[in-house]
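Topology and contacts: notes
Each chain, letter by letter, is given below.
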Amino acid sequence: MAETDTGAAVVPGAAIDTSGPAKVKPAKDFSPSGAPNQVVDDVDPDHPAVDNNPRAGTTVNQNRIDFNDPNEDGPHAVARQLEEQGSKFVADDEVASDEK
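Residues numbered from 1 in each chain as written. Predicted model: local features only at pLDDT ≥ 70, side-chain atom pairs only at ≥ 80, totals over all residues. Heavy atoms only, no water.

1. Notes on the overall build of the protein chain
Heads up, the rule is: Helix numbers and strand numbers start at the N terminus; a helix is a DSSP run of H or I with at least 4 residues, a strand a run of E with at least 2. Only the protein chains shown count as cover for residues, and all accessible areas are computed by the Shrake-Rupley method using a 1.4 Å probe.
Within the protein chain, the secondary structure is distributed over two helices and zero strands. Here the protein chain has roughly 8900 Å² of accessible surface; of this, 53% comes from carbon and sulfur atoms.

2. Considering helix α1 (residues 74-84)
For the record, the criterion: Between buried and exposed lies partly exposed: a residue is buried under 20% and exposed over 50% of the maximum accessible area for its type, with that area taken using a 1.4 Å probe on protein chains only.
Burial in α1 covers these residues: A77, V78, A79 and Q81. Looking one or two residues beyond α1, the residue adopting positive phi is G86, at roughly 90°.

3. Overview of the pattern of salt bridges
Let me state the cut-off plainly: Salt-bridge detection follows one rule: a side-chain nitrogen of Lys or Arg within 4 Å of a carboxyl oxygen of Asp or Glu.
Counted by the stated rule, this structure contains two salt bridges. We note a salt bridge from E84 to R80, for which the minimum N-O separation is 3.0 Å. One end of the pair, E84, and the other, R80, are both in helix α1, four residues apart, so they sit about a helical turn from each other. Owing to a relative accessible area of 59%, E84 belongs among the exposed residues under this scheme. Among the charged side chains, a network of salt bridges with common partners joins E72, R80 and E84.

4. Some points on a nonpolar patch on the surface
Stated precisely, the cut-off is as follows: Exposure above 30% relative accessible area and no salt bridge define the residues that can form patches, which grow by joining like charges within 9 Å and nonpolar side chains of Val, Leu, Ile, Met, Phe, Trp and Tyr within 5 Å.
A cluster of nonpolar residues, V24, V40, V43 and V50, forms a patch on the protein surface that exposes about 250 Å² of accessible area. With respect to the secondary-structure elements, V40 resides in the segment before α1.

5. Here's the deal with the side chain of Q81
Short version of the rule: Should any heavy atoms of two residues lie within 4.5 Å, those residues are considered in contact.
Here Q81 is to be found in helix α1. The class of Q81 is buried, set by a relative accessible area of 7%. Each residue touching Q81, except ones within four places of it in the same chain, is listed here: R64, I65 and D66.

6. Some points on the environment of V50
Residue position: V50 is located in the segment before α1. When neighbours within four sequence positions are excluded, V50 is seen to be in contact with V43, D44 and P45.

Printed below as a string of structure tokens:
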């Protein structure tokens, strides 16, 4: 297979993208998840490959759990935050001992 001068593979018959850098404006604000709020003009949010409503069907409490703490893994973050919200959290090892 042929290569470009940078070592990238060239697929026979494929067009080389010479359109230049995308001109996406930098985000000025961020969603609660930390994702940048950016508008990309040529993306159709209703296309089947785009999840334009990733929180559909979730509850308010599910959306209150913050996984952005680098010092705490997911299961512990969920347990602590559910407890703070007044929910009883049962760890996997507690369920296993109750079933015996």
